[in-house]
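Structure assessment
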Amino acid sequence: MALARWSLSALAALVAFGLFQGPAAHAQNNGWTVCNETSFVLDTAAGRPEGGGVIVEGWKKIRPGSCETVMDGPLRPGLHFVYARSSIAHRGGLRRWGGDHELCVDPTGSFSLESPPECAAMGLETRGFRPIVVERRGSWRTVLKETELYSLERARAAGVQRLLTDAEIAEPTIDGYLGRRTRRDIANFLSENNLPTDLSDEDLIDTLELRAVDRSRAVGMTLCNRSRKRVWSAIARRTGDDWESRGWWLLEAGGCARVVDESLIQTEHFVYAEMEDGDQELVLERGSDTFCVGRSKFVIAGRRDCEAAAYRSALFASTPTPQDGKLIYEFFERDFVEPADGS
(Lines give C-alpha, C1' and ligand atoms only; values in the text may rest on other atoms or scores of the structure.)
Protein backbone atom coordinates (compact mmCIF):
# COMPACT_ATOMS: atom_id res chain seq x y z
CA MET A 1 0.00 0.00 0.00
CA ALA A 2 1.55 3.26 -1.17
CA LEU A 3 -0.19 5.72 1.14
CA ALA A 4 2.35 7.86 2.97
CA ARG A 5 2.45 8.44 6.72
CA TRP A 6 2.04 11.99 7.92
CA SER A 7 1.65 13.94 11.19
CA LEU A 8 -1.83 15.04 12.35
CA SER A 9 -3.86 18.20 11.65
CA ALA A 10 -7.58 19.10 11.94
CA LEU A 11 -10.16 18.69 9.15
CA ALA A 12 -12.69 21.46 8.56
CA ALA A 13 -16.21 20.16 9.17
CA LEU A 14 -18.08 21.74 6.27
CA VAL A 15 -17.53 20.90 2.61
CA ALA A 16 -17.61 23.71 0.04
CA PHE A 17 -17.12 23.86 -3.70
CA GLY A 18 -13.55 24.72 -4.50
CA LEU A 19 -12.11 24.95 -7.98
CA PHE A 20 -8.81 25.57 -9.72
CA GLN A 21 -8.60 25.99 -13.47
CA GLY A 22 -5.54 25.90 -15.65
CA PRO A 23 -3.63 24.12 -18.39
CA ALA A 24 -3.01 20.48 -17.57
CA ALA A 25 0.57 19.27 -17.36
CA HIS A 26 -0.05 16.60 -19.96
CA ALA A 27 0.55 15.94 -23.62
CA GLN A 28 -1.13 18.02 -26.29
CA ASN A 29 -4.81 17.19 -26.97
CA ASN A 30 -5.02 15.15 -23.77
CA GLY A 31 -8.44 16.66 -23.06
CA TRP A 32 -10.21 18.00 -19.97
CA THR A 33 -8.97 16.48 -16.71
CA VAL A 34 -10.78 16.78 -13.37
CA CYS A 35 -8.77 16.16 -10.19
CA ASN A 36 -10.38 15.23 -6.88
CA GLU A 37 -8.60 16.93 -3.97
CA THR A 38 -11.42 16.07 -1.56
CA SER A 39 -11.85 13.18 0.89
CA PHE A 40 -14.94 11.92 -0.97
CA VAL A 41 -15.40 9.50 -3.84
CA LEU A 42 -17.04 11.64 -6.54
CA ASP A 43 -19.28 10.88 -9.51
CA THR A 44 -18.71 13.60 -12.09
CA ALA A 45 -20.64 14.84 -15.13
CA ALA A 46 -19.26 17.24 -17.74
CA GLY A 47 -20.91 19.32 -20.46
CA ARG A 48 -19.57 20.77 -23.69
CA PRO A 49 -21.15 23.09 -26.30
CA GLU A 50 -22.42 21.34 -29.42
CA GLY A 51 -24.32 23.30 -32.05
CA GLY A 52 -26.91 25.36 -30.21
CA GLY A 53 -27.03 23.07 -27.18
CA VAL A 54 -24.89 21.30 -24.61
CA ILE A 55 -23.83 17.64 -24.65
CA VAL A 56 -23.66 16.27 -21.09
CA GLU A 57 -21.90 13.02 -20.20
CA GLY A 58 -21.69 11.20 -16.87
CA TRP A 59 -20.89 9.58 -14.59
CA LYS A 60 -17.09 9.45 -14.28
CA LYS A 61 -15.96 8.08 -10.93
CA ILE A 62 -13.00 9.97 -9.45
CA ARG A 63 -11.38 8.55 -6.32
CA PRO A 64 -9.96 10.89 -3.65
CA GLY A 65 -6.51 12.01 -4.70
CA SER A 66 -6.99 10.99 -8.34
CA CYS A 67 -7.42 12.71 -11.70
CA GLU A 68 -9.58 11.47 -14.57
CA THR A 69 -10.18 12.66 -18.13
CA VAL A 70 -13.83 13.67 -18.41
CA MET A 71 -13.58 14.88 -22.01
CA ASP A 72 -11.14 13.82 -24.71
CA GLY A 73 -9.20 16.38 -26.72
CA PRO A 74 -8.93 18.36 -28.83
CA LEU A 75 -11.12 20.73 -26.84
CA ARG A 76 -13.17 23.61 -28.16
CA PRO A 77 -12.13 26.76 -26.25
CA GLY A 78 -15.09 28.37 -24.53
CA LEU A 79 -17.71 27.64 -21.91
CA HIS A 80 -17.90 24.10 -20.49
CA PHE A 81 -19.75 22.76 -17.43
CA VAL A 82 -18.99 20.44 -14.51
CA TYR A 83 -21.02 18.88 -11.71
CA ALA A 84 -19.99 16.31 -9.10
CA ARG A 85 -21.80 14.41 -6.37
CA SER A 86 -20.43 12.33 -3.51
CA SER A 87 -20.82 8.56 -3.51
CA ILE A 88 -23.77 7.10 -1.60
CA ALA A 89 -21.13 5.31 0.46
CA HIS A 90 -20.53 8.46 2.50
CA ARG A 91 -22.44 9.38 5.64
CA GLY A 92 -24.03 12.77 6.18
CA GLY A 93 -26.08 13.02 3.01
CA LEU A 94 -25.19 13.96 -0.55
CA ARG A 95 -22.51 16.58 -1.16
CA ARG A 96 -22.54 18.50 -4.43
CA TRP A 97 -19.91 20.43 -6.34
CA GLY A 98 -21.65 22.59 -8.91
CA GLY A 99 -23.19 25.94 -9.71
CA ASP A 100 -26.30 27.67 -11.04
CA HIS A 101 -26.36 26.53 -14.68
CA GLU A 102 -29.12 23.90 -14.89
CA LEU A 103 -28.63 20.90 -17.18
CA CYS A 104 -30.29 17.49 -17.42
CA VAL A 105 -28.72 14.32 -16.02
CA ASP A 106 -29.76 10.72 -15.56
CA PRO A 107 -29.19 10.17 -11.81
CA THR A 108 -29.55 6.39 -12.10
CA GLY A 109 -26.61 5.48 -14.35
CA SER A 110 -24.21 6.36 -17.16
CA PHE A 111 -25.56 8.71 -19.82
CA SER A 112 -24.67 10.89 -22.78
CA LEU A 113 -27.30 13.34 -23.99
CA GLU A 114 -27.98 16.71 -25.50
CA SER A 115 -29.63 18.40 -22.57
CA PRO A 116 -33.29 19.06 -23.52
CA PRO A 117 -35.29 22.07 -22.32
CA GLU A 118 -37.63 19.86 -20.23
CA CYS A 119 -35.75 17.27 -18.20
CA ALA A 120 -38.73 15.64 -16.47
CA ALA A 121 -40.50 14.94 -19.77
CA MET A 122 -37.64 12.56 -20.67
CA GLY A 123 -37.41 10.96 -17.23
CA LEU A 124 -34.33 13.03 -16.38
CA GLU A 125 -33.50 15.36 -13.48
CA THR A 126 -32.02 18.85 -13.33
CA ARG A 127 -28.69 19.60 -11.67
CA GLY A 128 -26.80 22.86 -11.21
CA PHE A 129 -23.51 22.80 -13.12
CA ARG A 130 -20.53 25.10 -12.65
CA PRO A 131 -19.49 27.00 -15.81
CA ILE A 132 -15.82 26.53 -16.72
CA VAL A 133 -14.05 28.62 -19.35
CA VAL A 134 -11.66 26.32 -21.23
CA GLU A 135 -8.93 28.42 -22.83
CA ARG A 136 -6.88 25.84 -24.72
CA ARG A 137 -7.63 23.17 -27.31
CA GLY A 138 -4.96 20.79 -26.10
CA SER A 139 -5.58 20.18 -22.40
CA TRP A 140 -7.26 21.75 -19.40
CA ARG A 141 -7.48 20.87 -15.73
CA THR A 142 -10.12 21.54 -13.09
CA VAL A 143 -9.53 20.70 -9.43
CA LEU A 144 -12.42 19.99 -7.04
CA LYS A 145 -11.63 20.91 -3.43
CA GLU A 146 -13.25 21.03 -0.01
CA THR A 147 -12.72 23.46 2.87
CA GLU A 148 -9.56 21.67 4.00
CA LEU A 149 -7.01 22.27 1.24
CA TYR A 150 -5.52 18.85 0.59
CA SER A 151 -2.83 17.92 -1.86
CA LEU A 152 -3.69 14.95 -4.07
CA GLU A 153 -1.66 12.65 -1.80
CA ARG A 154 -3.32 13.90 1.38
CA ALA A 155 -6.75 13.71 -0.27
CA ARG A 156 -6.13 10.04 -1.03
CA ALA A 157 -5.23 9.35 2.61
CA ALA A 158 -8.21 11.38 3.87
CA GLY A 159 -10.47 9.44 1.51
CA VAL A 160 -9.33 6.14 3.01
CA GLN A 161 -9.92 7.52 6.52
CA ARG A 162 -13.43 8.68 5.60
CA LEU A 163 -14.32 5.33 4.04
CA LEU A 164 -13.06 3.45 7.10
CA THR A 165 -15.54 5.50 9.11
CA ASP A 166 -18.37 5.20 6.57
CA ALA A 167 -17.96 1.41 6.45
CA GLU A 168 -17.94 1.25 10.28
CA ILE A 169 -14.53 -0.41 10.29
CA ALA A 170 -12.74 2.23 12.38
CA GLU A 171 -13.08 5.84 13.56
CA PRO A 172 -9.86 7.61 12.51
CA THR A 173 -9.48 11.36 12.47
CA ILE A 174 -10.11 12.49 8.88
CA ASP A 175 -7.10 14.70 8.26
CA GLY A 176 -5.09 13.17 5.43
CA TYR A 177 -2.31 11.92 7.70
CA LEU A 178 -2.18 8.16 8.22
CA GLY A 179 -0.81 7.29 11.65
CA ARG A 180 0.12 3.96 13.20
CA ARG A 181 -3.38 3.23 14.52
CA THR A 182 -5.06 3.82 11.15
CA ARG A 183 -2.50 1.65 9.40
CA ARG A 184 -3.21 -1.09 11.92
CA ASP A 185 -6.95 -0.76 11.23
CA ILE A 186 -6.31 -1.10 7.49
CA ALA A 187 -4.05 -4.13 8.03
CA ASN A 188 -6.69 -5.81 10.21
CA PHE A 189 -9.37 -5.17 7.60
CA LEU A 190 -7.24 -6.68 4.85
CA SER A 191 -6.41 -9.72 6.98
CA GLU A 192 -9.99 -10.35 8.11
CA ASN A 193 -11.21 -10.25 4.49
CA ASN A 194 -8.36 -12.35 3.03
CA LEU A 195 -7.13 -9.44 0.91
CA PRO A 196 -3.49 -9.01 -0.14
CA THR A 197 -1.40 -6.76 2.05
CA ASP A 198 0.04 -5.03 -1.03
CA LEU A 199 -3.40 -3.98 -2.29
CA SER A 200 -3.11 -0.82 -4.39
CA ASP A 201 -4.54 2.47 -3.14
CA GLU A 202 -7.16 2.38 -5.89
CA ASP A 203 -8.28 -1.16 -5.03
CA LEU A 204 -8.34 -0.35 -1.31
CA ILE A 205 -10.57 2.67 -1.90
CA ASP A 206 -12.89 0.66 -4.17
CA THR A 207 -13.14 -2.17 -1.63
CA LEU A 208 -13.89 0.19 1.24
CA GLU A 209 -16.45 2.05 -0.86
CA LEU A 210 -18.32 -1.18 -1.65
CA ARG A 211 -18.34 -2.09 2.04
CA ALA A 212 -19.67 1.37 2.94
CA VAL A 213 -22.37 1.19 0.23
CA ASP A 214 -23.55 -2.17 1.60
CA ARG A 215 -23.73 -0.66 5.09
CA SER A 216 -25.62 2.41 3.89
CA ARG A 217 -28.30 0.36 2.14
CA ALA A 218 -28.99 -1.69 5.24
CA VAL A 219 -29.92 1.22 7.54
CA GLY A 220 -31.24 4.77 7.53
CA MET A 221 -34.30 6.64 6.30
CA THR A 222 -35.34 7.07 2.67
CA LEU A 223 -38.14 9.26 1.29
CA CYS A 224 -39.71 8.38 -2.07
CA ASN A 225 -42.04 10.38 -4.31
CA ARG A 226 -44.60 8.08 -5.99
CA SER A 227 -46.47 10.96 -7.64
CA ARG A 228 -46.08 12.64 -11.04
CA LYS A 229 -45.19 16.01 -9.51
CA ARG A 230 -42.21 17.45 -7.64
CA VAL A 231 -42.23 17.21 -3.85
CA TRP A 232 -40.19 19.13 -1.29
CA SER A 233 -39.72 17.04 1.86
CA ALA A 234 -38.52 17.38 5.45
CA ILE A 235 -38.19 15.15 8.50
CA ALA A 236 -38.30 15.51 12.27
CA ARG A 237 -36.95 13.16 14.92
CA ARG A 238 -35.56 13.12 18.43
CA THR A 239 -31.85 13.79 18.79
CA GLY A 240 -30.52 13.45 22.31
CA ASP A 241 -32.91 15.13 24.74
CA ASP A 242 -34.59 17.39 22.18
CA TRP A 243 -36.34 17.33 18.81
CA GLU A 244 -34.81 18.30 15.50
CA SER A 245 -36.41 19.14 12.14
CA ARG A 246 -34.42 19.07 8.93
CA GLY A 247 -35.04 19.79 5.22
CA TRP A 248 -35.47 20.40 2.34
CA TRP A 249 -34.97 17.44 0.03
CA LEU A 250 -36.31 17.81 -3.50
CA LEU A 251 -37.95 14.60 -4.72
CA GLU A 252 -38.50 14.55 -8.46
CA ALA A 253 -41.44 12.54 -9.83
CA GLY A 254 -40.65 8.91 -9.07
CA GLY A 255 -37.44 9.82 -7.24
CA CYS A 256 -36.09 8.96 -3.79
CA ALA A 257 -33.65 10.57 -1.36
CA ARG A 258 -31.81 8.95 1.52
CA VAL A 259 -32.21 11.55 4.26
CA VAL A 260 -30.68 9.70 7.22
CA ASP A 261 -27.71 7.42 6.64
CA GLU A 262 -27.28 5.94 10.09
CA SER A 263 -29.19 3.23 11.92
CA LEU A 264 -32.54 4.54 13.23
CA ILE A 265 -33.64 4.03 16.81
CA GLN A 266 -37.10 2.59 17.42
CA THR A 267 -38.82 5.83 18.30
CA GLU A 268 -41.13 8.32 16.63
CA HIS A 269 -40.10 9.83 13.31
CA PHE A 270 -42.08 12.44 11.40
CA VAL A 271 -42.25 13.68 7.80
CA TYR A 272 -43.54 16.79 6.07
CA ALA A 273 -43.87 17.59 2.39
CA GLU A 274 -45.16 20.19 -0.05
CA MET A 275 -46.12 19.25 -3.61
CA GLU A 276 -45.78 21.61 -6.57
CA ASP A 277 -49.13 21.76 -8.39
CA GLY A 278 -49.11 24.46 -11.04
CA ASP A 279 -49.11 27.85 -9.35
CA GLN A 280 -49.96 26.48 -5.91
CA GLU A 281 -48.40 24.19 -3.35
CA LEU A 282 -50.29 21.31 -1.73
CA VAL A 283 -49.41 20.09 1.76
CA LEU A 284 -49.40 16.70 3.41
CA GLU A 285 -52.93 15.87 4.57
CA ARG A 286 -52.22 13.66 7.60
CA GLY A 287 -50.10 16.14 9.52
CA SER A 288 -50.70 16.05 13.27
CA ASP A 289 -47.52 17.18 15.07
CA THR A 290 -46.08 20.69 14.87
CA PHE A 291 -42.43 21.31 14.04
CA CYS A 292 -40.52 24.26 12.62
CA VAL A 293 -39.46 24.58 8.97
CA GLY A 294 -37.27 27.15 7.22
CA ARG A 295 -37.70 28.95 3.92
CA SER A 296 -34.51 27.39 2.55
CA LYS A 297 -32.37 24.42 3.60
CA PHE A 298 -32.58 24.12 7.39
CA VAL A 299 -31.65 22.20 10.52
CA ILE A 300 -33.68 23.40 13.53
CA ALA A 301 -33.25 22.27 17.14
CA GLY A 302 -36.47 22.27 19.18
CA ARG A 303 -40.08 22.62 18.08
CA ARG A 304 -41.45 25.60 20.00
CA ASP A 305 -41.84 29.30 19.15
CA CYS A 306 -41.14 28.77 15.46
CA GLU A 307 -42.35 32.16 14.29
CA ALA A 308 -40.44 33.96 17.05
CA ALA A 309 -37.26 32.40 15.66
CA ALA A 310 -38.11 33.54 12.08
CA TYR A 311 -39.27 30.07 11.03
CA ARG A 312 -42.80 28.86 10.36
CA SER A 313 -44.83 26.04 11.86
CA ALA A 314 -45.88 22.99 9.84
CA LEU A 315 -47.85 19.85 10.66
CA PHE A 316 -45.72 16.73 10.26
CA ALA A 317 -47.12 13.22 9.87
CA SER A 318 -45.99 10.31 12.02
CA THR A 319 -44.19 7.46 10.24
CA PRO A 320 -44.27 3.72 10.98
CA THR A 321 -41.70 2.54 13.53
CA PRO A 322 -38.30 1.81 11.95
CA GLN A 323 -37.47 -1.88 11.61
CA ASP A 324 -33.89 -3.08 11.99
CA GLY A 325 -32.66 0.50 11.87
CA LYS A 326 -34.32 1.23 8.52
CA LEU A 327 -37.39 3.11 7.27
CA ILE A 328 -38.72 3.87 3.78
CA TYR A 329 -41.56 6.41 3.54
CA GLU A 330 -43.48 6.95 0.31
CA PHE A 331 -45.48 10.04 -0.72
CA PHE A 332 -48.47 9.54 -3.05
CA GLU A 333 -50.51 12.20 -4.85
CA ARG A 334 -53.57 11.27 -2.80
CA ASP A 335 -51.71 12.31 0.37
CA PHE A 336 -51.74 16.04 -0.49
CA VAL A 337 -54.43 18.71 -0.07
CA GLU A 338 -54.69 22.47 -0.34
CA PRO A 339 -53.46 24.32 2.79
CA ALA A 340 -56.20 24.96 5.34
CA ASP A 341 -55.73 28.73 5.07
CA GLY A 342 -56.02 28.57 1.26
CA SER A 343 -52.52 29.99 0.74
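The present account deals with the structure reproduced in this document. Quantities reported herein were computed from a predicted structural model and do not represent experimental measurements.

So, about the sheet that holds strand E21 (residues 326-331). Pairing within the open sheet is mixed, and its three strands lie in the order E15-E12-E21. Looking at which strands have only one partner, the edges of the open sheet turn out to be strand E15 (256-260) and E21. Strand-to-strand twist of the sheet, defined as the mean angle between neighbouring strand axes without regard to direction, takes the value 20 degrees. Sheet topology note: the strand E12 (residues 220-225)/E15 ladder contains four bridges and is antiparallel. Each residue of the ladder has a partner; that of Leu223, found in E15, is Ala257.

Before going further, it helps to spend a moment on the state of the cysteines. Taken as a whole and assessed by the stated rule, the structure comprises four disulfides. Shown here is the disulfide that connects Cys104 with Cys119, its sulfur atoms set 1.9 Å apart. Between Cys104 and Cys119 the sulfur-sulfur dihedral comes to about -85 degrees; the bridge is accordingly left-handed. Pair noted here: Cys104 is in strand E8 (residues 101-105) and Cys119 is in the loop between strand E9 (111-114) and strand E10 (125-134), with a separation of 15 residues, a long-range link. For the pair Cys104 and Cys119, a shared accessibility class is recorded, and that class is buried. Paired by a disulfide, Cys292 and Cys306 hold their sulfur atoms 2.0 Å apart. On the sign convention where negative means left-handed, the S-S torsion of about -80 degrees between Cys292 and Cys306 marks this disulfide as left-handed. Residue Cys292 is found in strand E18 (residues 289-293), and its partner Cys306 is found in the loop between strand E19 (298-301) and strand E20 (312-318); the two are separated by 14 residues along the sequence.

Analysis parameters
- Residues numbered from 1 in each chain as written.
- Predicted model: local features only at pLDDT ≥ 70, side-chain atom pairs only at ≥ 80, totals over all residues.
- Heavy atoms only, no water.
- Pairing = 2+ DSSP bridges.
- Helix = DSSP H or I, 4+ residues; strand = E, 2+ residues; numbered from the N terminus.
- Axes fitted to C-alpha atoms, helices over the stretch in contact; angles between N-to-C directions.
- Disulfide = S-S within 2.5 Å.
- Buried < 20%, exposed > 50% of the residue type's maximum accessible area, 1.4 Å probe, protein only.

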